[in-house]
Amino acid sequence: MTDVPLTAPGAAATATRRRLNPTLSRYLSAFRTPRGVIGLSILGIMVLAALLAPVLFPGGYDQQGSNALTGPSAQHIFGVDEFGRDIFIRSVYGLRVDLSLILTAVPLSMAVGTLIGLAGAISEWLGAGLQRVLDVVIGFPGLILGICLVAILGPGWFPLFLTILIGGLPTAGRLARGAWLTQQGREYVLAARVLGVPPRKLLVRHVLPNAMDAIVVNGAVWMVIGVYIEAGLSIVGLGVQPPTPSIGVLLNNGLRFVTQAPTYIIGPGVVLLLLSVGFSLISDALNEAVNRR
Amino acid sequence: MSSRTPAWRTRLIAAAASVALLTTAACSAATDSGPGGGKDTAAGPVRDGGTLTVAQASDADPGSFLKTSVGNILSEYTVLETLTLMDAKTGKPKGVLAKSWKLAPDAKSIDITLRDDVTFHSGRKLTARDVIFTLKKVRDPATGAAGQAIAQQITSMKAEGDHELKLTFSKPTPNVFDLFETAPILNPATYDDYAAGKNVDGTGRFVWKSWTPGGRIALTKYAKYRDAKNTHLDKINIQVINDPTAIVSAIRSGRVQYGVGAAALDARSLSKQPGYALLSSGGSAIPFSMDVTKAPFDKKEVRQAVQYAIDRRRIVQQVEGGHADATSLPWKKNAVGYDAGQAKHYGYQPDKAKKLLAKAGVKGATFKVVTLNTPEATSIFQIVKNNLAAVGLNAKPEVLSATEYDGRIAKRDMGAPAVQMMNSNALLPASAVTSRPEFVPNDNLLHVKSPAYTKLVKNVSDASTPAAQKKALHAYNAYFLDQAFAVPLITRPTLTVRSTSVGGIAPTQTGFLNLGQAWLSEPKG
């Protein structure tokens, strides 16, 4: 007599995966929707281009020439800037700055914000106090916060990083605190407490998973906002300093020549648009996935 | 699902619409800046009457007329007058309040005869005592006057009657006209009220009527001016608009007819459109300066290599739009002894730069370069950085605000090589070498110090005849170019834009603007 499996082998494997890591599986399902696929494709191409920029364009982003402000051509698809540099190459290198900012500052911001939000589990006084600090941070719009930080630290990559990091703290902190406040009155939490489950384990095993969905979606939304913070601060000359390119720096330069070379801003503008659309689609897809259960 | 699909589509449509908008805006801008863009620099016909409205970025500073404060750029020479003004074309002085003068052959004294038909706006006649009062204020270090260094060479000031005076100097002072240029004559009776913007009593074509701090300066025609028939306007309103972009917008919209303080690039762009024209005034030398005590720039060959490595013509074309000169000398071309051959000393020779670096044993050095946080300065830096990289030097930017930059100059330590901005080249060489921080032999910004240099500076400042001035300046230039501590990258005028409906704006040698004989071709107000 042989054992007959009750389900097909593939289905069993999927079931096992779901059982082992249902949260991750749910997030991954976002990338099987059209929005997720397109968003991931756009960002994938951009990340690849940014990573491979030194291989694709070994001459670097500062190869100057005597031609200036010529429009798009077969050789230079975005045209050349005021110093004869290829705007497409500079846009690709600029992506490195934007992506390095967003992909480091936003996850860190979400992590720190979540910890701040959950501080109430350690001490109610500490939790409430930190929330008031976050209230103060909310009072500063991203651009104003950035201008203050640049005034203190000088322009460059690090003030932009701090602006995105600090700017993202309040929402992540509030979402985490909301989850904590909601969950702490639940019977399973009370039962765990009665059973002597330590607060750290309670947070990690029970409260955090309940806050995770909102924080992940919020993180994706903040990546879109991060793109605009970089562009906004760089457009007013407070971002990374030339000749290092970023998308915002390129737009800043392009705007100065908008009457002489109107095509200058189109290339970097499209890249900025694609970057924000990519992150927007992923945040939408994640939102849809977490709400599907 | 159905409720989500429209959001997805909406996002894509919005993206497409944004691209379309960008394209449309670009095409529209392209049409605006087409070849029909005006090259017209002429103003309309001279007409009497009307109110001219102009804008400046800084607020008035009526307590600082002797400092050539930028807040007084439009009002100072319109309300007040100097003894003489330099003729921009010839570089020689022209009388304003002074009817005539006689500089002694050794340039150690000057006799001045004042016009006898000059009255202050209060009605009081101008006398030699008013000139002496003004020159004493210039000498006073507390005033911080632009002409202080020259005025301190005055050993006696003697009025001979109401309209004649004699000045004597401790040493030859052929550059006394630089002192006169920057010393508008003040009324001793009301001088203490000037700082508050009250009783600002001058002898110019326009009367200081009122000042709203941070807002507006109102000037009205001085009807009893000695040559009132050539004053065309009835009133001048000077608006303070702090934002450079807003100044351009105000000119474009017709709210003001002229403005100073806008970025040169914006001024150039607007001037290409019909109905607007550029106005050049003053001038600056922009050197690449290096501290001669800091390695690797303590080696002369390295400094020379840097100067040979930089493509000045690209800076002229790509940063200044052609409105500049690629030169190695910091003087105006009309300066006595200006040598066009010496001005071409540092052409673009990257191979020579490499050889000099090899000779100095410097390879792959990395250093910071100080630059101001203005588009012009950072643009120049980008070309410099690129050029230096081509000869194996790695320059990193250290971007400073104007306050930080001024602080380093005041401390006499730039901290690093610098693309040095804000250097007026309006002064005669004799004045510049004794007052500009990068040239002075004592307490030099770049720590240039040697008996030979001190002697060369003294020769330039003391030379009293054109032949001596020419010889002294040539010798100074030879040393200056050989040592290569502050060789200019370019010299360029200050560019502003005006509506072609206004004419007669007269720039002074120092870049101030006299509106006294301006006119509106279509008078309003």
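Residues numbered from 1 in each chain as written. Chains lettered and ligands numbered in written order. Predicted model: local features only at pLDDT ≥ 70, side-chain atom pairs only at ≥ 80, totals over all residues. Heavy atoms only, no water.

K.L.:
Looking at this model, I keep getting lost on the overall build of chain A. Mind explaining?
P.N.:
Across its full length, chain A holds 11 helices and 0 strands. Reading the helices (α) and strands (β) of chain A from amino to carboxyl end gives α-α-α-α-α-α-α-α-α-α-α. Dimensions of chain A along its principal axes, counting C-alpha atoms only, are 75 × 65 × 25 Å. A buried classification covers 50% of the 293 residues belonging to chain A. Pairs at least 24 residues apart make up 69% of the contacts formed inside chain A by residues separated by at least 6 positions. For chain A, the computed accessible surface area is about 13800 Å², with 69% contributed by carbon and sulfur atoms. Charge-centre separation for chain A: the mean point of 20 positive side chains lies 11 Å from the mean point of 13 negative side chains. (Helix = DSSP H or I, 4+ residues; strand = E, 2+ residues; numbered from the N terminus. Buried < 20%, exposed > 50% of the residue type's maximum accessible area, 1.4 Å probe, protein only. Contact = heavy atoms within 4.5 Å. Areas by Shrake-Rupley, 256 points an atom, 1.4 Å probe, with all protein chains shown as cover. Lys, Arg positive; Asp, Glu negative; His and termini not counted. Charge placed at Lys NZ, Arg CZ, Asp CG, Glu CD.)

K.L.:
Just to check I follow, could you spell out the UniProt feature "domain: Solute-binding protein family" (unreviewed entry) in chain B for this structure?
P.N.:
Residues given the UniProt feature "domain: Solute-binding protein family" (unreviewed entry) here are residues 92-415 of chain B. End-to-end, the C-alpha atoms of residues 92-415 of chain B are 38 Å apart, and along that stretch the chain is 31% helix and 24% strand. (UniProt positions renumbered as here; feature names shortened; annotations may be inferred.)

K.L.:
How should I be thinking about the sheet that holds strand β5 (residues 109-114) of chain B in this particular structure?
P.N.:
Sheets are built from strands that pair by backbone hydrogen bonding, the pairs being arranged parallel or antiparallel. Residue and element names in this part refer to chain B. Taken in spatial order, the 4 strands of this open sheet run β4-β5-β7-β6, and their pairing is antiparallel. Bordering the open sheet on either side are β4 (98-103) and β6 (154-159), each of which pairs with just one other strand. Within the sheet, the average angular offset between the axes of one strand and its neighbour, ignoring direction, is 15 degrees. Taken together, the 5 bridges between β5 and strand β7 (residues 164-169) define a ladder with antiparallel strand orientation. Among the inter-strand pairings, Asp111 is bridged to a residue of β7, identified as Lys166. Running at roughly 160 degrees to β6, helix α3 (residues 128-139) makes contact with β5, β6 and β7 of the sheet. (Pairing = 2+ DSSP bridges. Axes fitted to C-alpha atoms, helices over the stretch in contact; angles between N-to-C directions.)

K.L.:
It is not clear to me how the layout of surface pockets should be interpreted in this structure. Could you clarify?
P.N.:
To find leftover empty space, one rolls a probe the size of a water molecule over the atoms. Residues and elements named next belong to chain B. The volume enclosed by the second largest pocket comes to roughly 1200 Å³. Around the second largest pocket sit 46 residues that line it, and Met86, Asp87, Ala88, Pro507 and Thr508 are the ones nearest its centre. Residue assignment for the lining of the second largest pocket shows that the elements contributing at least two residues are α2 (76-79), β2 (84-86), β3 (93-95), β12 (276-289), β17 (488-499) and β19 (506-507). No other element matches β12, which puts 5 residues into the lining of the second largest pocket. Grouping the constituent residues of the lining of the second largest pocket by class yields 14 nonpolar, 20 polar and 12 charged. Counting residues domain by domain, the lining of the second largest pocket receives three or more from each of domain 1 (81-191) and domain 2 (283-493). (1 Å grid on protein atoms, 1.4 Å probe; cavity = no way out; pocket = protein on both sides within 12 Å on 5 of 7 lines; lining within 4 Å. Points joined across faces, edges and corners; volume = space filled by probe spheres on them. Nonpolar A, V, L, I, M, F, W, Y, C, P; charged D, E, K, R; others polar. Domains from an automatic or database assignment.)

K.L.:
Honestly, empty space enclosed by the protein in this entry has me stumped. Any pointers?
P.N.:
Residue and element names in this part refer to chain B. Enumeration according to the criterion identifies 1 cavity of 30 Å³ or more in this entry. Within this model, the largest cavity holds a volume of roughly 110 Å³. Ala285, Pro330, Ser424, Asn425 and Phe439 are, among the 14 residues lining the largest cavity, the residues nearest its centre.

K.L.:
Explain the side chain of Thr203 of chain B here, please?
P.N.:
All names here are of chain B. Position of Thr203 relative to the elements: it lies in the loop between α6 (191-194) and β8 (206-212). Taking relative accessible area as the criterion, Thr203 reaches 0% and is therefore assigned buried. There is a polar contact of 2.7 Å between the side chain of Thr203 and the side chain of Glu81. (Polar contact = N/O pair within 3.5 Å; in protein donor to acceptor, adjacent residues only side chain to side chain.)

K.L.:
Before we go on, may I ask you to explain the packing of helix α3 (residues 34-56) of chain A against helix α11 (residues 266-291) of chain A in this structure?
P.N.:
What describes two packed helices is the angle between their axes and the distance between those same axes. All names here are of chain A. It is the contact of α3 with α11, at a shortest axis distance of 8 Å, that shows an interaxial angle of 140 degrees. When the interaxial angle is binned, α3 and α11 end up oblique. When you trace α3 past α11, the crossing you get is left-handed. Every residue of α11 that contacts α3 at Arg35, Gly36, Ile38, Gly39, Leu40, Ile42, Leu43 and Met46 is listed here: Val271, Leu274, Leu275, Val277, Gly278, Phe279, Leu281, Ile282, Asp284, Ala285 and Glu288. Looking at side-chain class alone, the contact of α3 with α11 contains 13 nonpolar, 3 polar and 3 charged residues. (Parallel < 35°, antiparallel > 145°, perpendicular 65-115°, else oblique. Left-handed = near helix turned anticlockwise from the far one by under 90°.)

K.L.:
So what exactly am I meant to see when it comes to helix α9 (residues 300-309) of chain B here?
P.N.:
In an α-helix, one turn spans 3.6 residues; hence positions three or four apart end up facing the same way. Judged by how many residues are buried, α9 of chain B sits mostly within the fold: 8 of 10 residues are covered. Lining the buried residues of α9 of chain B we find β12, α10 (312-319), α12 (350-360), α13 (375-390), α17 (466-483) and β17 of chain B.

K.L.:
How do you make sense of the packing of helix α4 (residues 87-117) of chain A against helix α9 (residues 199-235) of chain A when you look at a structure like this?
P.N.:
Residue and element names in this part refer to chain A. Where α4 meets α9, the closest approach of the two axes is 9 Å, and the angle between their N-to-C directions is 145 degrees. The interaxial crossing formed by α4 with α9 has right-handed handedness. Within the contact between the two elements, α4 uses Asp98, Leu101, Ile102, Leu103, Val106, Pro107, Met110 and Thr114 and α9 uses Leu208, Ile215, Asn218, Gly219, Trp222, Met223, Gly226, Val227 and Glu230. By residue class, the composition of the contact of α4 with α9 is 11 nonpolar, 4 polar and 2 charged.

K.L.:
Mind showing me how you'd approach the pattern of salt bridges here?
P.N.:
For side chains bearing opposite charge, pairing can occur when the charged atoms are close. Inspection of the entire model under this criterion finds 26 salt bridges over all chains. Across the pair Asp111 of chain B and Lys166 of chain B runs a salt bridge, and its minimum N-O distance is 3.2 Å. With a gap of 55 residues between them, Asp111 of chain B in strand β5 and Lys166 of chain B in strand β7 connect regions that are remote in the sequence. Judged by relative accessible area, Lys166 of chain B falls into the partly exposed class, the value being 27%. A salt bridge links Asp227 of chain B to Arg205 of chain B, with the shortest nitrogen-to-oxygen separation between them at 2.8 Å. Separated by 22 residues along the polypeptide, Asp227 of chain B in the loop between β9 (216-221) and β10 (235-240) and Arg205 of chain B in the loop between α6 and β8 bring together distant segments of the chain. Because the salt bridges share partners, they merge into one network encompassing Asp62, Asp81, Arg85 and Arg90 of chain A. (Salt bridge = Lys/Arg side-chain N within 4 Å of Asp/Glu carboxyl O.)

K.L.:
Explain the packing of aromatic side chains to me, please; I cannot follow it from the model alone.
P.N.:
Evaluated as defined, the whole model comprises 23 aromatic pairs over all chains. Ring geometry for Phe439 of chain B against Phe480 of chain B: centres 5.9 Å apart, planes inclined by 70 degrees, an arrangement best described as edge-to-face. Taken together, the positions of Phe439 of chain B in the loop between α15 (429-435) and α16 (451-462) and Phe480 of chain B in helix α17 put the pair 41 residues apart, joining distant regions of the chain. Each of the two residues, Phe439 of chain B as well as Phe480 of chain B, counts as buried. An aromatic cluster of three or more residues is present, and its members are Trp331, Phe439, Tyr453, Tyr476, Tyr479, Phe480 and Phe485 of chain B. One residue, Arg26 of chain A, lies across the ring of Tyr27 of chain A, its end atom 5.8 Å from the ring centre. (Phe/Tyr/Trp six-rings, centres within 6.5 Å; stacked < 30°, edge-to-face > 60°. Lys NZ or Arg CZ within 6 Å of the ring centre and 35° of its normal.)

K.L.:
Just to check I follow, could you spell out the domain arrangement of chain B for this structure?
P.N.:
Interface size is commonly expressed as the accessible surface area that is lost when the partners come together. Residue and element names in this part refer to chain B. The assigned domain composition of chain B is domain 1 (81-191) and domain 2 (283-493). If you average the C-alpha positions of domain 1 and of domain 2, the two centres end up 33 Å apart. Contacts between the two partners involve 16 residues from domain 1, matched on the other side by 11 residues from domain 2. Counting the surface lost from both domain 1 and domain 2, the interface buries some 950 Å², and carbon and sulfur atoms represent 50% of this. Three residues, Pro174, Asn175 and Asp178, lead the burial of domain 1 against domain 2; their summed loss comes to 42% of the area buried on that side. Along the contact surface separating domain 1 from domain 2 lie 1 salt bridge. At the surface where domain 1 touches domain 2, the tally comes to 6 residue pairs in polar contact (both at pLDDT 80 or more). (Buried area = accessible area lost by both parts, 1.4 Å probe.)

K.L.:
What exactly am I supposed to notice about the confidence of the model for chain A here?
P.N.:
One rule of thumb: low pLDDT means the predicted coordinates there are not for detailed reading. The predicted model of chain A has a mean per-residue pLDDT of 86, with 92% of residues at 70 or higher. Across residues 1-9 of chain A the pLDDT falls below 50, and counting only partners more than four positions away or on other chains, this stretch makes 1 contact in the model. (pLDDT = per-residue confidence, 0-100.)

K.L.:
I'm lost on the pairing of β12 of chain B in this one. Help?
P.N.:
Both faces of the sheet carry side chains from a regular strand, because those side chains alternate between them. All names here are of chain B. Counting buried positions along β12 yields 13 of 14 residues, so the element is predominantly enclosed. Bridging between β12 and β17 involves 10 bridges; their strand directions are antiparallel. Residue pairing in the sheet places Leu279 in a bridge with Thr496 of β17. Bridging between β12 and strand β16 (residues 418-419) involves 2 bridges; their strand directions are antiparallel.

K.L.:
Is there a simple way to think about unusual backbone geometry in this case?
P.N.:
Glycine aside, negative phi is the norm for most residues, and most peptide bonds take the trans geometry. Residue Pro243 of chain A is reached from Pro242 of chain A by a cis peptide bond, and omega for that bond is 10 degrees. For Pro243 of chain A, the location among the structural elements is in the loop between α9 and α10 (247-256). Following Ala295 of chain B, the chain continues into Pro296 of chain B via a peptide bond in cis, with omega recorded as 0 degrees. Even without glycine at this site, Ala107 of chain B takes up a positive phi of about 55 degrees. Topologically, Ala107 of chain B is positioned in the loop between β4 and β5. Residue classification places Ala107 of chain B among the buried positions, given a relative accessible area of 0%. Its identity as a non-glycine residue notwithstanding, Asn199 of chain B has a phi of 50 degrees, on the positive side. For Asn199 of chain B, the location among the structural elements is in the loop between α6 and β8. We classify Asn199 of chain B as partly exposed; its relative accessible area is 48%.

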